[in-house]
Amino acid sequence: MTSSEFRQSLHEFSEWIADYFEETGKYPVISNVKPGDIKNKLPLDPPFSGEPIEEIFRDFEQQILPGITHWQHPSFFAYFPASRSEPSVLAEMLTAALGAQCMVWYTSPAAEELEERMMDWIRDMMGLPQNFSGVIQDSASTATLVSLLTAREKATDFSINSHGFSGQERFRVYASTQAHSSVDKAIRISGIGYDNLIKIPVNENFEMDAGALEKSILRDLEAGYKPLAVVATFGTTSSTAIDPLAEIGRITQKYNIWYHVDAAFGGAALILPEYQQLAKGIEIADTIVFNPHKWLFTNFDCTVYLVKNKEVLINTFSIMPEYLKTPEDRMVNNYRDWGIPLGRRFRALKLWFVIRNYGLLGLQEKLRNHITWANWFAQQVLVSKDFELLAPLSFNLVCFRYHPGGTMKEEQLNEINKTLLTLLNQSGEIFLTHTSLNGKFTLRLVGGNSSVTEDSIKNAWNLISVTARNLNH
Ligand SMILES: *Cc1c(COP(=O)(O)O)cnc(C)c1O
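An account of the accompanying structure is given in this report. As the structure is a prediction and not an experimental result, all values here were calculated from the model.

## Things to note about the overall build of the protein
Okay, so step 1: Counting its regular elements, the protein contains 15 helices and eleven strands.
Okay, so step 2: Against the 2.2 N^0.38 benchmark of 23 Å for 473 residues, the protein shows a C-alpha radius of gyration of 24 Å, consistent with a compact globule.
Okay, so step 3: When the backbone C-alpha atoms are referred to their principal axes, the protein occupies close to 70 × 60 × 45 Å.
Okay, so step 4: Classification of the 473 residues of the protein by burial places 53% in the buried group.

## Digging into the sheet that holds strand S7 (residues 303-307)
Okay, so step 1: Strand order in this open sheet of seven strands is S1-S7-S6-S5-S4-S2-S3, and the pairing throughout is mixed. With partners counted over all chains shown, the strands left at the sheet margins are strand S1 (133-137) and strand S3 (197-200), one partner each. Neighbour-to-neighbour, the strand axes of this sheet turn through a mean angle of 20 degrees, independent of strand direction.
Okay, so step 2: Bridge count between strand S2 (residues 171-176) and strand S4 (residues 226-233): five bridges; the pairing is parallel. Paired with Phe 171 across the bridge in S4 is Lys 226.

## A word on the pattern of salt bridges
Two side chains bearing opposite charge may form a pair once their charged atoms approach each other closely.
Okay, so step 1: Counted under the stated rule, the structure contains 19 salt bridges.
Okay, so step 2: The salt bridge involving Asp 59 is made with Arg 58; its shortest N-O contact spans 3.5 Å.
Okay, so step 3: Glu 454 is paired through a salt bridge with Lys 458; the nearest N and O atoms lie 3.4 Å apart. Here Glu 454 and its partner Lys 458 are both found in helix H15 (residues 454-469), four residues apart, which amounts to about one turn of the helix.
Okay, so step 4: Given the relative accessible area of 40%, Glu 454 is considered partly exposed.

## What to know about the site of the ligand
Okay, so step 1: In the vicinity of the ligand lie 13 residues, with Ala 140, Ser 141, Asp 262, Asn 291 and Lys 294 positioned nearest.
Okay, so step 2: In this structure, an oxygen atom belonging to the ligand sits 2.6 Å away from a side-chain N or O atom of Ser 141.
Okay, so step 3: One nitrogen or oxygen atom from the side chain of Lys 294 is found 3.0 Å from an oxygen atom belonging to the ligand.
Okay, so step 4: Its free accessible area being 390 Å², the ligand has 88% of it covered by the protein chains.

## Topic: the sheet that holds strand S9 (residues 397-402)
Okay, so step 1: What the four strands build is an open sheet, ordered S8-S9-S11-S10; its pairing is antiparallel. Of all strands in the sheet, those with a lone pairing partner are strand S8 (387-389) and strand S10 (433-437), marking the two edges. Sheet twist, expressed as the mean angle between neighbouring strand axes with direction ignored, is 40 degrees.
Okay, so step 2: The pairing of S8 with S9 spans three bridges and is classified as antiparallel. Opposite Leu 389, over in S9, you have Phe 400 as the bridge partner.
Okay, so step 3: Together, S9, S10 and strand S11 (440-446) form the strand contacts of helix H14 (residues 410-426), whose direction differs from that of S11 by roughly 35 degrees.

## Some thoughts on the environment of Glu 411
Okay, so step 1: With respect to the helices, strands and loops of the structure, Glu 411 is situated in helix H14.
Okay, so step 2: For Glu 411 and Phe 441, which are 30 residues apart along the polypeptide, the C-alpha to C-alpha distance reads 9.0 Å.

## Things to note about the layout of surface pockets
To find leftover empty space, a probe the size of one water molecule is rolled over the atoms.
Okay, so step 1: Roughly 680 Å³ of internal volume is contained in the largest pocket.
Okay, so step 2: Ranked by residue count, the leading element in the lining of the largest pocket is helix H1 (residues 3-23), at five residues.
Okay, so step 3: For the lining of the largest pocket, a count of residues per class yields 15 nonpolar, five polar and two charged.
Okay, so step 4: If you add up the space inside the second largest pocket, you get close to 380 Å³.
Okay, so step 5: Every residue lining the second largest pocket is counted, 19 residues in all, and those nearest its centre are Tyr 79, Phe 80, His 180, Thr 237 and Arg 444.
Okay, so step 6: Of all the secondary-structure elements, those providing two or more residues to the lining of the second largest pocket are helix H11 (292-295) and S10.

## Quick notes on the packing of helix H5 (residues 140-155) against helix H7 (residues 181-189)
Okay, so step 1: The N-to-C vectors of H5 and H7 enclose an angle of 45 degrees; their axes lie 9 Å apart at closest approach. Judged by the inter-axis angle, H5 sits oblique to H7. Between H5 and H7 the crossing geometry is right-handed. Residues Ser 141, Thr 144, Leu 145 and Leu 148 of H5 touch H7, and the partners they reach there are Ser 182, Val 183, Ala 186, Ile 187 and Ile 189.
Okay, so step 2: Each residue belonging to the contact of H5 with H7 can be placed in one class, and the counts come to six nonpolar, three polar and no charged.

## A look at a nonpolar patch on the surface
Okay, so step 1: A cluster of nonpolar side chains, namely Phe 13, Ile 17, Leu 90 and Met 93, defines an oily patch on the protein surface of about 330 Å² accessible area.
Okay, so step 2: For the nonpolar patch, the secondary structure elements donating two or more residues are H1 and helix H3 (86-98).
Okay, so step 3: Mapped onto the elements, Ile 17 comes out in helix H1.
Okay, so step 4: Owing to a relative accessible area of 31%, Ile 17 belongs among the partly exposed residues under this scheme.

## Digging into the pairing of S3
Okay, so step 1: Relative to S3, S2 runs parallel, the two being bridged by four bridges. Residue pairing for S3: Ser 176 is matched across the bridge by Ile 200.
Okay, so step 2: Tracing the backbone out of S2, into H7 and back to the parallel element S3 gives a crossover that is right-handed.

## Overview of unusual backbone geometry
Across the chain, the bulk of peptide bonds are trans and the bulk of non-glycine residues have phi less than zero.
Okay, so step 1: Across the junction of Phe 300 and Asp 301, the peptide omega takes the value 5 degrees, indicating a cis bond.
Okay, so step 2: Note that Asp 301 resides in the loop between H11 and S7.
Okay, so step 3: Look at Phe 158: it is not a glycine, yet its phi comes out positive at around 65 degrees.
Okay, so step 4: With respect to the helices and strands, the residue Phe 158 is situated in the loop between H5 and helix H6 (159-163).

What counts and what doesn't
Residues numbered from 1 in each chain as written. Predicted model: local features only at pLDDT ≥ 70, side-chain atom pairs only at ≥ 80, totals over all residues. Heavy atoms only, no water. Helix = DSSP H or I, 4+ residues; strand = E, 2+ residues; numbered from the N terminus. Rg over C-alpha atoms; globule rule 2.2 N^0.38 Å. Buried < 20%, exposed > 50% of the residue type's maximum accessible area, 1.4 Å probe, protein only. Pairing = 2+ DSSP bridges. Axes fitted to C-alpha atoms, helices over the stretch in contact; angles between N-to-C directions. Salt bridge = Lys/Arg side-chain N within 4 Å of Asp/Glu carboxyl O. Near = heavy atom within 4 Å. Polar contact = N/O pair within 3.5 Å; in protein donor to acceptor, adjacent residues only side chain to side chain. Areas by Shrake-Rupley, 256 points an atom, 1.4 Å probe, with all protein chains shown as cover. Contact = heavy atoms within 4.5 Å. 1 Å grid on protein atoms, 1.4 Å probe; cavity = no way out; pocket = protein on both sides within 12 Å on 5 of 7 lines; lining within 4 Å. Points joined across faces, edges and corners; volume = space filled by probe spheres on them. Nonpolar A, V, L, I, M, F, W, Y, C, P; charged D, E, K, R; others polar. Parallel < 35°, antiparallel > 145°, perpendicular 65-115°, else oblique. Left-handed = near helix turned anticlockwise from the far one by under 90°. Patch = residues over 30% accessible without salt bridge, like charges linked within 9 Å, V, L, I, M, F, W, Y side chains within 5 Å. Right-handed = clockwise from strand over helix to strand, strands pointing away.

None of this, on its own, says anything about what the molecule does.
Rendered as structure tokens:
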């Protein structure tokens, strides 16, 4: 590609991107292709000679776009949101253009120092104390794994890293029944073993029962186990329940257990001062994870991992082969030593663009709007005799179901709501997903991407209530 061809394509692509930002809502929110539809359009062999960009772009529009789920659609209410925003996309363009590998300070000092400052900004925005320092990880799943590996090494004086498991460790890790599956995964990968993950029951609001946690710990101590870590959740994935962080924190202090707080989604709400008291006790944690790529308008991937004791983290992960030694090693953070991969993308740049361009006030206003609209939606559910809320609202996730009344059995209600969800998603106008709460098939509506509007939430309620009331049952 010549320089002038590249320049021409850049102009055309930027026009397409700007159009897509304006018109995301015109696409069907869920792709309706069948398995294999996309693959079957792709040639079996790579091209022998280079092809012009116009041709590749045409195929992107004709073959790839139909198989895209539009996560930034104003009526995307599924899972948790994935972020995108104008400043974030602009920064990602620059990051791609620089193509820098930011594994240590020396390989791009600005990337390391900006990351350090951004982690301090985020920590302060969330109202967390200054004894936390941070690093960007690729996902909350990785951060939770890193936390448990650090706990494992700290508890064994770094001996498992050196000698492997002795077979005598008998570790136990505790998390609620509502904890994210990334905890289950980390337990397996870290060698602690799934049998040693103890799922603590929750109360009627799906919050960890701290009394039950302490009983479990005492039982395990008596049986000769070593309680290693507790993972508490600030905003569970099913219903955004908030574990009692202070009570759990006191228990971890009493028994000297590692404490990790998973605030992957809910952490965003902590930039609102009125939500910070919900996280009372979070300051006791050893480590905290929060995903700006979910609800802080920063493109995937961008996970903030905050740690109180960076020395144990670095002692767990530091590897110093001769070819990576640099004269500045003692004066700077080499983030290669703060996690699993050696290679690192320059992710701090998009956070810097997002935080500066929105400003703290702009970010807060957007979150407050999402919360207000979700509360409006929940209010409609509450006042409708044929709908019910299935979990308290913490932020902007509403858990609900259709319940036409009468003497309907739970299985029937589950079937009806399954059918309702299928019809809604087939409409192409809206995308919701589900969970199960106390065995009840639960519809989840969460509006948190940067395109959601008051209208898109109101339209969602209309479509959902009309579709439900037209069901034959
Ligand atoms: C989304 C989520 C995760 C996983 O996040 P990834 O960054 O995709 O790994 C973990 N915990 C909670 C509570 C989540 O909501």
